[in-house]
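# Fold and contact review
Here is what each chain is made of, one letter per residue.
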Amino acid sequence: MKSIILKTASTYLLPLLLLFAVFILLRGHYNPGGGFVGGLIASIAFVLHAFAHGLVETKKMLRFVPSACIPVGLAISLISGFVPMAIGRPFMSGEWLSVQVPIIGSIGTPLFFDIGVFLVVIGITLTILFTISDGIL
Amino acid sequence: MELLLLILIGVFYATGIFMMLRRSMVKLLIGIILLGNGANLLIFLLGGITRGKPPIIPEAEKALTGAYADPVPQALILTAIVISFGLQSFAIVLLKRVHVLIQSDDLNDLNTPDTSI
Amino acid sequence: MLIAVLLGFVFAPLWNLLGRWIKGSFSWLPALLPAGLFLYFASLYPVTQNGPLLTSTPWIPSMGVNLDFRLDGLSLLFALLITGIGTGVFIYASYYLKGHRHLDRFFAYISFFMASMLGVVLADNLLLLIIFWELTSISSYFLIGFDHEAAKSRRNALQALVITGLGGFLLLAGFVLIGTVAESFSIAQLLGTAGSLQNHPLYGWMLALVCAGAFTKSAQFPFHFWLPGAMAAPTPVSAYLHSATMVKAGVYLLARFTPMLGGTDYWQYTLISFGGITMLYSAFHAMHRKDLKEILAYSTVAALGMLVFLLGIGTQQALLAAGVFILTHALYKATLFLVAGMLDHETGTRHIEKLRGLRKVMWPVAIAGGIAALSSAGVPLTYGFIGKDLIYDATLKAINWPWVLTAVALVTNILVLYAGFQAGIRPFTGPLPDHHRTLHLPNARLWLPACVLALLCLAFGILPALTNGLAGAVASAIANTPVDAHLAIWHGFNTVLALSGLTLLAGFLLYGWFAPPEGKLQQRWEHLSPESLYRKAGQGFTWFAGKYTRLLHNGNLRSYVFSIITFIILLLGTKILTGVHLYFDRRAVVGGLRLYDVVIFVVTLAAIWKSISTNSRITAVASLGVVGYCICLLFVIYSAPDLAMTQFTIDTLTVVLFVLVLFRLPRFLRINDKLWQDGILAALFGGLISLIALGALNEPTTKETSEFYAENAYLLAKGKNIVNVMLVDFRGFDTMIEITVLSIAALGVYSLMKLRISSDNKE
């Protein structure tokens, strides 16, 4: 499957797809999208890269083990749940800053929660796929 | 349209169970996937289906008004889809592992030592 | 009072922590606990003379369960017995089990047991009572099975637990029933409205359930056999559990419920017949046993029968007799058990034929045993005489058939006398065998408690007026009306005295002239005894479980799925056919059909068919992909863009996953047996699900939840995509759990794959 066209295409597609994934993640609160879909799209980007260049290349390019995303994402989600408690609100109640940002809207704890979900989904999907395809690609 | 979906759900369930009852482990896996799809559709249908009114609040308004698709089953199904991906990948790996261990794809060879009580 | 009850629970683990000292020279230390409690309860004696002492500590106020305790005459008697005899047993055990490697554990168990027992007799709340009740069952399980290395010990402990546990379960049901009917779980309130329960339509059930609890605990026929079995415990345990505490809990319960449930014909007949049968049956058995502890066990059962019998008669005299007899029996039976334990400890045998003439080597033990035996016989100047007098007085003044009841009591008393003499006098009389000449008097910590108890038998016997107050308080508490007690040795020449004399005469003659052959009775009727029936029931249960498991839990996944689905079809099918009105609203169900709907439908069906019928794995996977994308299209059409996106990406990833592992997966097995059977079942199931979906579709649904989310998504959560808002905000906790589950799945996949590699290495 290591055709030159695919290789070249995936090199350019990877950053584009990742950008798209982040875009989907951030717009999730107002339009279709969100952490789950964003994470899945990002993983598809990496899988595509692995198809074109081989798993070893992808892993080298990633520079970190994908499973490391899982605890990081879980921690972000959990912390975003605990932040409201610091100002005396119940666990996981939403809190927002008053600043308005284009695309994202207002920045608040649910956004960070979604980012945590995003990271966890990337970590999980890549861990599963890379583990299973170890030695094939 | 509900009628077609009803039939489709029945077919999903029937084929899912049928595949789960096969002796081949890979077919068991296919059965689980079909059953999962059937369950998702069932929840989707029972929440009521609406054409072209996604549960997204329009730009200018602050609340949804009029007819709109029910967001609750959608949230449930979204969770279910992602979870079933986890389940499927785990099942595939488990299946591979069993296959390596017992060198057989036949579920009838999988009897646990429970029979020797 | 709360502290007094809980102290035992606090100290139980403490003994374990102090294990090294307790096993060393501080083994007397735990005895301070019951001794202190005894003094505490004794100091409360004057207070209870003026009516019950009530304390309350909130525990679960919302359910009406508080740590309520009451101390009236009845509770006080039991509390004094529990702590008083407890003190003796603690001291005794500290020497009896000296050097045992689990001595600390023993004290922990027995302290725990003592505390639970105190809880039972002091609780003023039915639910609290049942909690302590079960705690006594559990702690006695550990005590009976203390020699856990012996199979017999374990089996008998389990037997006791099963029987008393069953009773406890029924008792709980009875308490819930009573509590629901009376709208209160408080004993004080129940006593206040005493008399209302007897006329309730469910009275029969209440009576049956409470009796079941009491009879199993107090070893009434046919549940009596766990008590002789429990003799596998070390003797201090037997002395404690079976003289004064555990088995008397059932009697306590019946006495406590006398004002609430008693006074009816049912109550009388049930208690009199069970008590009567029990006392005759076990007194007769006691006569035929040769093992010291077995004799005592059966005579204990007989005494318990007597108590139930007296409670059943229910007149004031009978209740007074019961109160006095509880004390009498506890005193002499504990002494006899302690004596039996000493004999066993010193000579190494409990067979009464082998124990003769021991008075020459251990005279204090002989005196204690002798007094206890005389007390159990009811010889004048012992406390037993007072008890026996009152019993005859009660039976003679019973409302129905006084002479029959008196005769039953007479026969039992004669047989109990025989058993008491066998255990308390016979081992000390006659010539001393040569091999026992080397014996010497055991440590004072062994014989002193027995002697003190025996002295009490004597002291109360000579001066019965000492116990007037207590006996009166007990009888008043049972009867729920004031009862005066005037205990005296001499009542003049009357029928009661004649009966006492007759008992003694017949008993002495029997003891002198009759020696039943050993074991004959047991062998002939063994297979019909309740104990062997219980064993057979246990074996039958195991057999049934084995068959059942082999039939349904056979390890074959297909048959599991098959039976589960068959069951679901039968269950739901019956309901659908009989109870649900299905109708087909043509407009709602078929309306608005478009061409692309039909196209998607047909394509999906074709893809499903391909995926199940093909023999090529790659075709099957591709078809599954098509199925997924079709569902994705459905989501797009029916206003679920988030779902469509997720389904699309997940479907892609699933196909990738399959393709990656496909060539490592086994080929399809070409065996296709049971095709028709499975096909029909699957078709039935699918059809059923469709019907259920149709039925559910026709039901009007409430959309309150959805409306709440739709209205508040922007106002409360500042988001416009409601599905996403629900996932990350409203139902964020679910999502949190979900990603955790997914992480676990990923870890599982990872470790399973790595496991494969390591096992490959091994191969």
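Quick caveat, the model's predicted, so the values are computed rather than measured. (Residues numbered from 1 in each chain as written. Chains lettered and ligands numbered in written order. Predicted model: local features only at pLDDT ≥ 70, side-chain atom pairs only at ≥ 80, totals over all residues. Heavy atoms only, no water.)

Before going further, it helps to examine the interface of chain C and chain B. Taken together, the contacts link 102 residues of chain C with 89 residues of chain B. Interface of chain C and chain B: buried area, both sides summed, is about 8,800 Å²; carbon and sulfur atoms make up 74% of it. By the criterion of area lost to chain B, the three top residues of chain C are C:Arg558, C:Tyr638 and C:Lys720, representing 8% of everything that side buries. Run the count over chain C and chain B and you get two salt bridges. Joining chain C to chain B, the criterion identifies 14 residue pairs in polar contact (both at pLDDT 80 or more). (Contact = heavy atoms within 4.5 Å. Buried area = accessible area lost by both parts, 1.4 Å probe. Salt bridge = Lys/Arg side-chain N within 4 Å of Asp/Glu carboxyl O. Polar contact = N/O pair within 3.5 Å; in protein donor to acceptor, adjacent residues only side chain to side chain.)

This next bit is on the environment of A:Gly33. Mapped onto the secondary structure, A:Gly33 falls in the loop between helix 1 (4-27) and helix 2 (35-53). As for A:Gly33 and A:Phe51, which are separated by 18 residues in sequence, their C-alpha atoms are 26 Å apart. Sequence-distant contacts of A:Gly33, defined by excluding residues within four places in its chain, comprise A:Ile24, A:Gly28, C:Asp642, C:Met645, C:Asn721 and C:Asn724. (Helix = DSSP H or I, 4+ residues; strand = E, 2+ residues; numbered from the N terminus.)

This paragraph deals with the interface of chain B and chain A. Across the contact, seven residues belong to chain B and seven residues belong to chain A. Here chain B packs against chain A, burying approximately 650 Å² in sum over the two surfaces, 88% of which is carbon and sulfur. Counting the surface chain B buries against chain A, the share from its top three residues, B:Ile56, B:Val82 and B:Phe85, is 55%. Along the contact surface separating chain B from chain A lie zero salt bridges. Put simply, chain B and chain A have zero residue pairs in polar contact (both at pLDDT 80 or more) between them.

Attention now moves to the packing of aromatic side chains. Residue and element names in this part refer to chain C. All told, the structure shown has 25 aromatic pairs over all chains when counted by the stated rule. Aromatic side chains Phe-113 and Tyr-240 sit 5.8 Å apart centroid to centroid with 75 degrees between the ring planes, which places their arrangement in the edge-to-face category. One end of the pair, Phe-113, is in helix 6 (residues 103-122); the other, Tyr-240, is in helix 12 (residues 235-243), and 127 residues separate them in sequence. For Phe-113, a relative accessible area of 0% corresponds to the buried category. Given the relative accessible area of 0%, Tyr-240 is considered buried. Judged by centre distance (6.0 Å) and plane angle (55 degrees), the ring pair of Phe-708 and Phe-730 falls under tilted. Linking Phe-708 in helix 31 (residues 704-717) with Phe-730 in helix 32 (residues 722-730), this pair joins segments that are 22 residues apart in sequence. Phe-708 sits in the partly exposed class, given a relative accessible area of 39%. (Phe/Tyr/Trp six-rings, centres within 6.5 Å; stacked < 30°, edge-to-face > 60°. Buried < 20%, exposed > 50% of the residue type's maximum accessible area, 1.4 Å probe, protein only.)

On to the domain arrangement of chain C. Residue and element names in this part refer to chain C. When cut into domains, chain C gives domain 1 (1-262), domain 2 (304-518), domain 3 (550-705) and domain 4 (706-763). The junction of domain 3 with domain 4 conceals about 500 Å² of combined surface from both sides, 39% of it contributed by carbon and sulfur atoms. At the junction of domain 3 with domain 4, the criterion picks out zero salt bridges. Run the count over domain 3 and domain 4 and you get seven residue pairs in polar contact (both at pLDDT 80 or more). Taken together, the residues that form the side of domain 3 that touches domain 4 break down as no nonpolar, one polar and four charged. (Domains from an automatic or database assignment. Nonpolar A, V, L, I, M, F, W, Y, C, P; charged D, E, K, R; others polar.)

Moving on to the state of the cysteines. Residue and element names in this part refer to chain C. Taken as a whole and assessed by the stated rule, the structure comprises zero disulfides over all chains. The closest cysteine sulfur to the non-disulfide-bonded Cys-451 is located on Cys-457, 11 Å from its own sulfur. Judged by relative accessible area, Cys-451 falls into the buried class, the value being 14%. (Disulfide = S-S within 2.5 Å.)

Within the structure shown, the criterion is met by nine cavities of 30 Å³ or more. Taken as a whole, the largest cavity holds about 200 Å³ of empty space. Residue lining of the largest cavity: 16 residues in total, with B:Ile33, B:Asn37, B:Gln88, C:Asp651 and C:Thr654 positioned closest to the centre. When residues of the lining of the largest cavity are assigned to their parent elements, the largest contribution, six residues, is made by helix 29 (residues 641-662) of chain C. When grouped by side-chain class, the residues that make up the lining of the largest cavity number six nonpolar, nine polar and one charged. (1 Å grid on protein atoms, 1.4 Å probe; cavity = no way out; pocket = protein on both sides within 12 Å on 5 of 7 lines; lining within 4 Å. Points joined across faces, edges and corners; volume = space filled by probe spheres on them.)

Residue and element names in this part refer to chain C. A full pass over the atoms with the stated rule returns 10 salt bridges over all chains. As a salt-bridge pair, Asp-124 and Arg-70 come within 3.5 Å of each other at their nearest N and O atoms. With a gap of 54 residues between them, Asp-124 in the loop between helix 6 and helix 7 (126-144) and Arg-70 in strand 2 (residues 65-71) connect regions that are remote in the sequence. You can call Asp-124 buried: its relative accessible area is 4%. Classification of Arg-70 by relative accessible area gives buried; the value is 6%. Close ionic contact of Arg-256 with Asp-72 constitutes a salt bridge, the shortest N to O distance being 2.9 Å. Of this pair, Arg-256 sits in helix 13 (residues 248-261) while Asp-72 sits in the loop between strand 2 and helix 5 (73-96); the two residues are 184 residues apart in sequence, bridging distant segments of the chain. The class for Asp-72 is buried, based on a relative accessible area of 5%. Among the charged side chains, a network of salt bridges with common partners joins Arg-70, Asp-72, Asp-124 and Arg-256.

Our next topic: helix 13 of chain C. Residues and elements named next belong to chain C. Over its 14 residues, helix 13 runs 19 Å from end to end, which matches the ideal 20 Å to within 8%, given 1.5 Å per residue. With 14 of 14 residues buried, helix 13 lies mostly within the body of the structure. After helix 13 finishes, the residue Gly-263 shows a positive phi value of roughly 85 degrees. (Expected span 1.5 Å × (residues − 1).)

Residue and element names in this part refer to chain C. Taken together, the side chains of Trp-543, Phe-544, Tyr-548, Leu-551 and Leu-552 present a nonpolar region at the surface, about 610 Å² in accessible area. Checked against the element boundaries, Tyr-548 lands in helix 24 (residues 530-552). For Tyr-548, a relative accessible area of 47% corresponds to the partly exposed category. (Patch = residues over 30% accessible without salt bridge, like charges linked within 9 Å, V, L, I, M, F, W, Y side chains within 5 Å. Areas by Shrake-Rupley, 256 points an atom, 1.4 Å probe, with all protein chains shown as cover.)

Time to look at the confidence of the model for chain C. Residue-level pLDDT values for chain C average 82, and 95% of them are 70 or greater. No element of chain C has a lower mean pLDDT than helix 23 (residues 520-525) of chain C, at 59, and none a higher one than helix 28 (residues 617-637) of chain C, at 90. (pLDDT = per-residue confidence, 0-100.)

Turning our eyes to something else, we now look at the packing of helix 5 (residues 109-132) of chain A against helix 29 of chain C. At a minimum axis distance of 9 Å, the contact between helix 5 of chain A and helix 29 of chain C shows a crossing angle of 20 degrees. When the axes of helix 5 of chain A and helix 29 of chain C are compared, the pair comes out roughly parallel. Of the two possible hands of crossing, helix 5 of chain A and helix 29 of chain C adopt the one that is left-handed. Residue-level contacts link A:Thr125, A:Ile128, A:Leu129 and A:Ile132 of helix 5 of chain A to C:Leu653, C:Val656, C:Leu657, C:Leu660 and C:Val661 of helix 29 of chain C. Tallied by class, the residues present in the contact of helix 5 of chain A with helix 29 of chain C amount to eight nonpolar, one polar and no charged. (Axes fitted to C-alpha atoms, helices over the stretch in contact; angles between N-to-C directions. Parallel < 35°, antiparallel > 145°, perpendicular 65-115°, else oblique. Left-handed = near helix turned anticlockwise from the far one by under 90°.)

Another aspect to go through is helix 20 (residues 444-462) of chain C. All names here are of chain C. An ideal rise of 1.5 Å per residue puts 27 Å on 19 residues; helix 20 measures up with 26 Å between its terminal C-alpha atoms. The complete set of buried residues in helix 20 reads Leu-446, Trp-447, Pro-449, Ala-450, Cys-451, Leu-453, Ala-454, Cys-457, Phe-460 and Gly-461. Buried residues along helix 20 sit against helix 5, helix 16 (316-347), helix 17 (363-377) and helix 18 (383-396).

In this section: the pairing of strand 2 of chain C. All names here are of chain C. Of all the seven residues making up strand 2, seven are buried; the element is thus mostly covered by neighbouring parts of the structure. The alternating pattern of strand 2 places Val-65, Leu-67, Phe-69 and Leu-71 on one face and Asn-66, Asp-68 and Arg-70 on the opposite face, and all of these are buried. Inspection of the sheet shows strand 1 (residues 53-60) paired to strand 2 by seven bridges, in the antiparallel sense. Looking across to strand 2, one finds that Pro-58 is bridged to Asn-66. (Pairing = 2+ DSSP bridges.)

Quick look at the environment of C:Leu688 now. Residue and element names in this part refer to chain C. For Leu-688, the position within the fold is in helix 30 (residues 675-698). Here Leu-688 falls in the buried class, since its relative accessible area comes to 10%. It is 74 Å that separates the C-alpha atoms of Leu-688 and Ile-352, two residues lying 336 residues apart in sequence. Among all residues touching Leu-688, those that are not within four sequence positions of it are Ile-568, Ile-569, Leu-572 and Gly-573.

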